[in-house]
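What follows is the residue order along each chain.
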Amino acid sequence: MQTSNATVSMPDGLFGRAVQPVQISSLGTCVPPRVLTNSELEQMVNTTNDWILKRTGIRERHIAAPDVATSDLAAEAARIAISGAGLEPPDIGFLVVGTTTPDTFFPSTACLVQDKIGATRAWGFDLGAACSGFTYSVTTAMQMVATGAHDHALAVGADVMSRIIDYQDRATCVIFGDGAGAVVVSPAVDPELRVIDFAHEVDGSGGPALQMPAGGSRMPASHDTVDQRLHYVHQDGAAVFKFAVRKTGDICRRILDRNGILPKDVDLFVSHQANRRIILAAAAQLELPEEKIVINIEKFGNTTGATIPLALADAVADKRLKKGDLVLLASVGAGFTVGAILLRWAY
Ligand code: UT7
């Protein structure tokens, strides 16, 4: 067996430092001003306000103007989060953007955001985890700070879903909306008020249930793919629904159990907002009372990477989320991707 004497170059700041507790220091969100109501959708496809409200819990969603892309919403959310943390953009060492609707395949939306906000010392990338984009991004950003590699990291979940929705398909077009949310992750000021744990899974066998079939290397764009409407979200709603209910419950139970925390000790449950019925069914498995569940899907629909920060922002604004609260975040998305984060709210 051969051994190598080559010197291995270590990334700056990583090795030899202890893992440190981290916190979410601030939150910023951005939704475009245009609201698309259920009654407008009634004029576009064969649906009713009553069906949408009963089956999903959605009343309206925000839709980006034609000249607005994901990086625009993401950059605005990022600016708010950075100033909320009392920082300047150059204080950010790392940024990750969880998105399913990047402005372009390349450059990454993270690069565009870095430039737009003037995060001159940051590196970063996009992360593809669909509706788990925010939880996966927060977990990734956490590692960069916990290891001491960076003092402050930015995790963004942002999507302009309206660009990949078929407004002739009533089963999907009523669900999705556009928005962005960002958090700054920093070393914990008070170690009690820290991110406690994260849990993630993927189950790639679920891929066909929720996908955009064309536009990638498997089926590049052609006249045919456009004619067949393959550049839009295609979903087997019932299959996704069942998986989401089961897995949201499972992953929450797992993260709570291994930290010795009972569901009744959770102050706030902030799940990805895909369907009001999914959130309530998952919460019922955990026996969480309704007052601990944040649901704001009626205002925004499913904004994919942005739902959890939008829900957190509403909870902060309503004073339902306060410093010291034990918060459980959960997500299930295309892939399938599954995630949960358990934390004490730090501000
Ligand atoms: O973010 C992660 C990804 N997404 C999700 O988590 C979404 C998961 N799935 C869902 O939320 C639900 O499955 C949907 C909201 C997509 C659909 O609700 P559902 O109760 O599962 O309805 P369904 O697909 O079983 O369809 C029931 C009926 C069908 O009619 P028939 O075949 O029974 O005559 C559909 O054609 O409802 C019909 N339908 C509609 N009717 C009026 C489907 N969409 C609509 C609509 N308006 N917009």
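What you are looking at is a predicted structure, and each value in this text was computed from that prediction instead of being measured.

K.L.:
How would you summarise the sheet that holds strand β13 (residues 337–344) if you had to cite specific residues and measurements?
P.N.:
The strand order β8-β13-β12-β11 describes an open sheet built from four strands, whose pairing is mixed. At either end of the open sheet lies a strand with only one pairing partner, and these are β8 (195–202) and β11 (268–271). Between one strand and the next, the sheet's axes are offset by a mean angle of 10°, whatever the strand orientation.

K.L.:
Tell me about the packing of aromatic side chains, and please be specific about residues and values.
P.N.:
Throughout the structure, instances matching the rule amount to five aromatic pairs. Between phenylalanine 243 and phenylalanine 336, the ring centres sit 4.0 Å apart and the planes meet at 15°, which makes this aromatic pair stacked. Placement of the pair is phenylalanine 243 in helix α8 (residues 237–258) and phenylalanine 336 in the loop between β12 (326–333) and β13, with a sequence separation of 93 residues. For phenylalanine 243, a relative accessible area of 7% gives the class buried. The exposure class assigned to phenylalanine 336 is buried, which follows from its relative accessible area of 6%.

K.L.:
With reference to specific residues and values, describe the site of the ligand.
P.N.:
As a structural note, the neighbourhood of the ligand is formed by 23 residues, with Thr47, Arg55, His272, Asn275 and Asn302 the closest of them. Taking glutamine 235, its side chain carries an N or O atom lying 2.9 Å from a nitrogen atom of the ligand. Within the side chain of asparagine 302, one N or O atom sits 2.8 Å away from an oxygen atom of the ligand. Taking 930 Å² as the accessible area of the ligand by itself, protein coverage stands at 71%. Taken together, the elements giving at least two residues each to the shell around the ligand come down to α2 (49–56), α6 (170–173), α8 and α9 (276–285).

K.L.:
Tell me about unusual backbone geometry, residues and numbers included.
P.N.:
Geometrically, the link from phenylalanine 106 to proline 107 is a cis peptide bond, its omega value of 0° lying close to zero. Secondary-structure assignment places proline 107 in the loop between β4 (94–98) and α4 (109–117). In this model, glycine 335 is joined to phenylalanine 336 through a cis peptide bond whose omega is -5°. One non-glycine residue, alanine 130, lies in the positive phi region at around 50°. The topology assignment puts alanine 130 in the loop between β5 (123–127) and α5 (133–146). Residue classification places alanine 130 among the buried positions, given a relative accessible area of 13%.

K.L.:
Give a detailed account of the domain arrangement of the protein chain, specifying residues and quantitative values.
P.N.:
One frequent convention defines the size of an interface as the accessible area lost when the parts assemble. Domain boundaries in the protein chain define domain 1 (3–187) and domain 2 (195–344). Look at where the C-alpha atoms of domain 1 and domain 2 centre, and you get two points 14 Å apart. Carbon and sulfur atoms make up 64% of the area that domain 1 and domain 2 hide from each other, which totals about 3500 Å². Where domain 1 packs against domain 2, one counts one salt bridge. Across the pair arginine 229 and aspartate 166 runs a salt bridge whose closest N-O atoms are separated by 2.9 Å. Where domain 1 touches domain 2, the interface holds 19 residue pairs in polar contact (both at pLDDT 80 or more). Contributing elements (two or more residues each) for the side of domain 1 that touches domain 2: β1 (22–30), α2, β3 (60–62), α5, β6 (153–160) and β7 (178–187). Ranked by residue count, the leading element in the side of domain 1 that touches domain 2 is α5, at seven residues.

K.L.:
I'd love a proper account of the sheet that holds β6, names of residues and values included.
P.N.:
Strand pairing within a sheet occurs via backbone hydrogen bonds; the two strands may be parallel or antiparallel. The strand order across the open sheet formed by five strands is β1-β7-β6-β4-β5, and the pairing between neighbours is mixed. Single-partner strands in this sheet number two, and they are β1 and β5. The mean angle between the axes of side-by-side strands here comes to 15°, regardless of whether they run parallel or antiparallel. Pairing between β6 and β7: eight bridges, direction antiparallel. Considered in β7, the bridge of aspartate 159 is made with glycine 179. Lying over the sheet, α4 contacts β4, β5 and β6, oriented at roughly 125° with respect to β4. Taken strand by strand, helix α11 (residues 307–317) contacts β1 and β7, and its axis lies near 95° from that of β1.

K.L.:
Which residues make up the pattern of salt bridges, and what values go with them?
P.N.:
When the charged atoms of two side chains lie near each other, side chains of opposite charge can form a pair. Counted by the stated rule, this structure contains eleven salt bridges. Here aspartate 265 ties to lysine 264 by a salt bridge, and the two come within 3.4 Å at their closest N and O atoms. You can call aspartate 265 partly exposed: its relative accessible area is 35%. Residue classification places lysine 264 among the exposed residues on the basis of a relative accessible area of 58%. Residue aspartate 314 pairs with lysine 299 through a salt bridge whose shortest N-O separation is 2.8 Å. Taken together, the positions of aspartate 314 in helix α11 and lysine 299 in helix α10 (residues 297–300) put the pair 15 residues apart, joining distant regions of the chain. In this structure lysine 299 comes out as partly exposed when scored by relative accessible area, which is 32%. Connected through salt bridges with shared partners, the residues Glu201, Lys247 and Arg254 form a single ionic network.

K.L.:
Go over the packing of helix α3 (residues 70–84) against α4, please, and point to the residues and values.
P.N.:
Axis separation between α3 and α4 bottoms out at 9 Å; the angle between their running directions is 50°. On the basis of their axis angle, the class for α3 and α4 is oblique. Every pair of crossing elements has a handedness; the one defined by α3 and α4 is right-handed. Contact with α3, carried on its side by Thr70, Ser71, Asp72, Ala74, Ala75, Ala78, Arg79 and Ile82, involves Thr109, Leu112, Val113, Lys116 and Ile117 of α4 and no other residues of that element. A per-class count over the contact of α3 with α4 returns seven nonpolar, three polar and three charged.

The rules behind these values
Residues numbered from 1 in each chain as written. Predicted model: local features only at pLDDT ≥ 70, side-chain atom pairs only at ≥ 80, totals over all residues. Heavy atoms only, no water. Pairing = 2+ DSSP bridges. Helix = DSSP H or I, 4+ residues; strand = E, 2+ residues; numbered from the N terminus. Axes fitted to C-alpha atoms, helices over the stretch in contact; angles between N-to-C directions. Phe/Tyr/Trp six-rings, centres within 6.5 Å; stacked < 30°, edge-to-face > 60°. Buried < 20%, exposed > 50% of the residue type's maximum accessible area, 1.4 Å probe, protein only. Near = heavy atom within 4 Å. Polar contact = N/O pair within 3.5 Å; in protein donor to acceptor, adjacent residues only side chain to side chain. Areas by Shrake-Rupley, 256 points an atom, 1.4 Å probe, with all protein chains shown as cover. Domains from an automatic or database assignment. Buried area = accessible area lost by both parts, 1.4 Å probe. Salt bridge = Lys/Arg side-chain N within 4 Å of Asp/Glu carboxyl O. Contact = heavy atoms within 4.5 Å. Parallel < 35°, antiparallel > 145°, perpendicular 65-115°, else oblique. Left-handed = near helix turned anticlockwise from the far one by under 90°. Nonpolar A, V, L, I, M, F, W, Y, C, P; charged D, E, K, R; others polar.

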